[in-house]
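Results of the structural survey
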Amino acid sequence: MYNSKITGLGYYVPENVVTNNDLKEFMETSDEWIQERTGIKERRWIDPKTGDTTAVMGAKAARIAIERAGLSKDEIDFIVFATLSPDMYFPGGGVQIQDMLEMPTIGALDVRNQCSGFIYAMSVADQFIKTGMYKNILVIGSENHSGGLEKSTRGRNVSVIFGDGAGAAVLSRTEEKGKGILSSHLHSEGKHAKELVLEGPSTQRWVPEILENNDPDDTSYYPYMNGQFVFKHAVGRFSEAIVEGLKANNLEKEDIDMLIPHQANLRIAQFIQKKFQLSDDNVYNNIMKYGNTTAASVIIALTEAWELGKIKENDLVVLAAFGSGFTWGSVIIKW
């Protein structure tokens, strides 16, 4: 069997910066309140006039990743696109990327695993490469949260957290042993699905009923999060996924050169860092600048860390995420 390694990385975030103080224009909040609870100082929200969408941002990040991989778009064999905020209910964003990048008629797969989406997408792509089915796969995580947030005092507990952005990686086949993705580990626990959820619209309560009711107090169209419950489970599952990945490869926590956690909440990342006794140089966080970009967060952070020279040849890189579903997982990489 082959191994897969990351040969190209790229990310894109909207130019429109929304600070915590900017949010005070339409909700009761403060910079201190938001930073204390989340660590977030600002986020990027799409300006509709720019034409950015989930797919458009994904395409912009993908072009950078493909160029850095030293490939042409025609050398990409498959697309895996992770998002919870597609441009359309259907079809998914993967086929839009195929069209936007003017690629051959390659396959495109959409992954709907929310905050764990990029981890799941990487695992899927890795399996396709390991079996020899494909040589180069484009993996994208992209989110447009700002268009679906309740930007009011009623919705502030969720709306202050999320930002827009996209990241992309090219996974390529290698025959070099002990390099690239060493293993991936995926889990879910659906009994907690409604603790972090967006219930509507859905086929259980579809368009005719929504139009008939026209209820201004119906909050089912907005994301809901049981914050304390999610935090409690996140710190436990994050740790489990990282330990599982290390054990699978006969590694210890001291072997970690760089941990890239999903950027859900700076307090969660700090808790994990302390638990694994990692220094600031061994963990990369950027939630302060971008907020939680869900399926895009791990790949944006990974790309930034690499661009800053924080990830070097032969480093052990651990990616980990936890989110809605509940779903969680990890990917262990020898750079």
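In case you missed it, the structure is sitting above this.
Scoring rules and cut-offs
- Residues numbered from 1 in each chain as written.
- Predicted model: local features only at pLDDT ≥ 70, side-chain atom pairs only at ≥ 80, totals over all residues.
- Heavy atoms only, no water.
- Phe/Tyr/Trp six-rings, centres within 6.5 Å; stacked < 30°, edge-to-face > 60°.
- Helix = DSSP H or I, 4+ residues; strand = E, 2+ residues; numbered from the N terminus.
- Buried < 20%, exposed > 50% of the residue type's maximum accessible area, 1.4 Å probe, protein only.
- Lys NZ or Arg CZ within 6 Å of the ring centre and 35° of its normal.
- 1 Å grid on protein atoms, 1.4 Å probe; cavity = no way out; pocket = protein on both sides within 12 Å on 5 of 7 lines; lining within 4 Å.
- Points joined across faces, edges and corners; volume = space filled by probe spheres on them.
- Nonpolar A, V, L, I, M, F, W, Y, C, P; charged D, E, K, R; others polar.
- Pairing = 2+ DSSP bridges.
- Axes fitted to C-alpha atoms, helices over the stretch in contact; angles between N-to-C directions.
- Contact = heavy atoms within 4.5 Å.
- Expected span 1.5 Å × (residues − 1).
- Salt bridge = Lys/Arg side-chain N within 4 Å of Asp/Glu carboxyl O.
- Patch = residues over 30% accessible without salt bridge, like charges linked within 9 Å, V, L, I, M, F, W, Y side chains within 5 Å.
- Areas by Shrake-Rupley, 256 points an atom, 1.4 Å probe, with all protein chains shown as cover.

To continue, consider the packing of aromatic side chains. Evaluated as defined, the whole model comprises 7 aromatic pairs. When the centroid spacing of 4.9 Å and the interplanar angle of 10° are considered together, the rings of F78 and Y134 count as stacked. One end of the pair, F78, is in strand β4 (residues 78-82); the other, Y134, is in the loop between α5 (117-130) and β6 (136-143), with 56 residues separating them in the sequence. Summarising the burial analysis for this pair, F78 and Y134 share the class buried. Among the aromatic residues, those joined into a ring-pair cluster are F229, F322, F326 and W328. Above the plane of the ring of W33 lies R156, whose end atom (NZ or CZ) is 5.4 Å from the centre.

As a volume, the largest pocket reaches approximately 1,200 Å³. Taken together, 34 residues form the lining of the largest pocket, with L84, R112, L198, E199 and G200 sitting closest to its centre. Taken together, the residues of the lining of the largest pocket break down into 14 nonpolar, 15 polar and 5 charged. Computed from the structure, the second largest pocket encloses a volume of approximately 470 Å³. In terms of lining, the second largest pocket is formed by 24 residues, of which the most central are N157, I161, M225, G227 and N265. When contributions to the lining of the second largest pocket are tallied by element, the ones reaching two or more residues are α2 (31-38), α6 (156-159), α8 (227-248) and β12 (316-323).

Here 5 strands make up an open sheet; going across it, the order is β1-β7-β6-β4-β5 and the pairing mixed. The open sheet has two free edges, formed respectively by β1 (3-12) and β5 (107-111), since each of these has just one partner strand. With direction set aside, neighbouring strand axes in the sheet form an average angle of 20°. Bridge count for β4 against β5 is 5 bridges, and the pairing is parallel. Residue F81 lies in a different strand from β5, and its bridge partner there is D110. Against the sheet, helix α3 (residues 54-68) contacts β1, β4, β6 and β7 (165-174), and its axis sits at roughly 125° relative to β1. Those strands touched by helix α4 (residues 93-100) are β4, β5 and β6, and its axis lies near 130° from that of β4.

This part is about α3. With 15 residues, α3 extends 22 Å from end C-alpha to end C-alpha; this agrees with the ideal 21 Å at 1.5 Å per step. Among all positions of α3, only T54, A55, M57, G58, A59, A61, A62, A65 and I66 are buried. Next to the buried residues of α3 lie β1, β4, α4, β6 and β7.

This paragraph deals with the pattern of salt bridges. A side chain with one charge may pair with a side chain of the opposite charge, provided their charged atoms come close. Tallying each qualifying case throughout the model produces 13 salt bridges. Ionic pairing is found between E150 and R154, a salt bridge with its closest N-O pair at 2.4 Å. Note on E150: relative accessible area 12%, which makes it buried. Note that E313 is salt-bridged to K179, the shortest N-O span being 2.8 Å. Separated by 134 residues along the polypeptide, E313 in the loop between α11 (297-307) and β12 and K179 in the loop between β7 and β8 (180-188) bring together distant segments of the chain. On the basis of relative accessible area, E313 is assigned to the exposed category, the value being 55%. For K179, a relative accessible area of 5% puts it in the buried group.

Our next topic: a nonpolar patch on the surface. Together, Y89, F90, W206, V207 and L211 make up an exposed nonpolar region whose accessible area comes to about 600 Å². Within the secondary structure layout, V207 lies in helix α7 (residues 207-213).

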